[in-house]
Amino acid sequence: NELQIELIDRFGLLPEPAKNLLSIAHLKLQAKHIGISKIEGYPAGGVVEFLPDTKIDPGFIIRLIQTQPRIYKLDGPQKLKFNVPTESAADRLTLITDILSQFSQQLRAA
């Protein structure tokens, strides 16, 4: 957030690509904090790759797959595929933000 404020202060309002870049950087930090090594978003869906020591409750992931099998599927022991079509990069950013928010609320008890 401080970087964004500094950029706006120096250069004025940021163009959309710059805003998207800052949003992606923020999402990467949030993902790493909860134990996600990579998130990829495509027009037809995407993939979430978990770190071996992820903080996300595995029971939550299992419930997602069981209750929404058309959307979520495991791809190996550490990848979760999601099938949610999006039309634009902004829509994908919103979707990934929502997914990370759900995962952040489902962390294991310490």
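Just so it is clear, the model here is predicted, and its values are computed rather than measured.

Draft legend 1. Inspection of the nonpolar core at higher detail. Among the nonpolar cores identified, the biggest contains 19 residues, and Ile36, Phe50, Ile56 and Phe103 are the most heavily contacted of them. When residues of this core are traced back to their parent elements, those giving at least two are helix H2 (16-34), strand S2 (45-50), helix H3 (58-67), strand S4 (79-82) and helix H4 (89-104). Top contributing element to this core by residue count: H4, with six residues. Here Phe50 is in contact with Gly35, Ile36, Ser37, Ile56, Ile61, Gln78, Leu80 and Phe103, once residues within four sequence places are set aside.

Draft legend 2. Region of the structure containing the side chain of Thr54. When you line up the elements, Thr54 lands in the loop between S2 and H3. Assessed through its relative accessible area of 11%, Thr54 is described here as buried. A distance of 3.1 Å separates the side chain of Thr54 from the backbone oxygen of Gly35, its partner in a polar contact. Sequence-distant contacts of Thr54, defined by excluding residues within four places in its chain, comprise Ile34, Gly35 and Arg108.

Draft legend 3. Quick peek at the sheet that holds strand S1 (residues 36-42). Pairing is antiparallel in the open sheet, where four strands are placed in the order S1-S2-S4-S3. Each end of this open sheet is capped by a strand with a single partner; those strands are S1 and strand S3 (72-74). Geometrically, the sheet is characterised by an average inter-axis angle of 15 degrees between neighbouring strands, direction not taken into account. Packed on one face of the sheet, H3 meets S2, S3 and S4 and runs near 120 degrees to S3. Of the strands in this sheet, S1, S2, S3 and S4 touch H4, which is tilted by about 145 degrees from S1.

Draft legend 4. Representation of the pattern of salt bridges within the structure. This model, assessed by the stated rule, comprises four salt bridges. Here Glu16 ties to Lys19 by a salt bridge, and the two come within 3.5 Å at their closest N and O atoms. Placement of the pair is Glu16 and Lys19 together in helix H2, with a separation of three residues, close to one helical turn. Assessed through its relative accessible area of 49%, Glu16 is described here as partly exposed. The residue Asp75 makes a salt bridge to Lys81 at a minimum N-O spacing of 3.9 Å. What makes Lys81 partly exposed here is its relative accessible area of 39%.

Calculation rules
- Residues numbered from 1 in each chain as written.
- Predicted model: local features only at pLDDT ≥ 70, side-chain atom pairs only at ≥ 80, totals over all residues.
- Heavy atoms only, no water.
- Core = buried A, V, L, I, M, F, W, Y, C linked by side-chain atoms within 4.5 Å.
- Buried < 20%, exposed > 50% of the residue type's maximum accessible area, 1.4 Å probe, protein only.
- Helix = DSSP H or I, 4+ residues; strand = E, 2+ residues; numbered from the N terminus.
- Contact = heavy atoms within 4.5 Å.
- Polar contact = N/O pair within 3.5 Å; in protein donor to acceptor, adjacent residues only side chain to side chain.
- Pairing = 2+ DSSP bridges.
- Axes fitted to C-alpha atoms, helices over the stretch in contact; angles between N-to-C directions.
- Salt bridge = Lys/Arg side-chain N within 4 Å of Asp/Glu carboxyl O.

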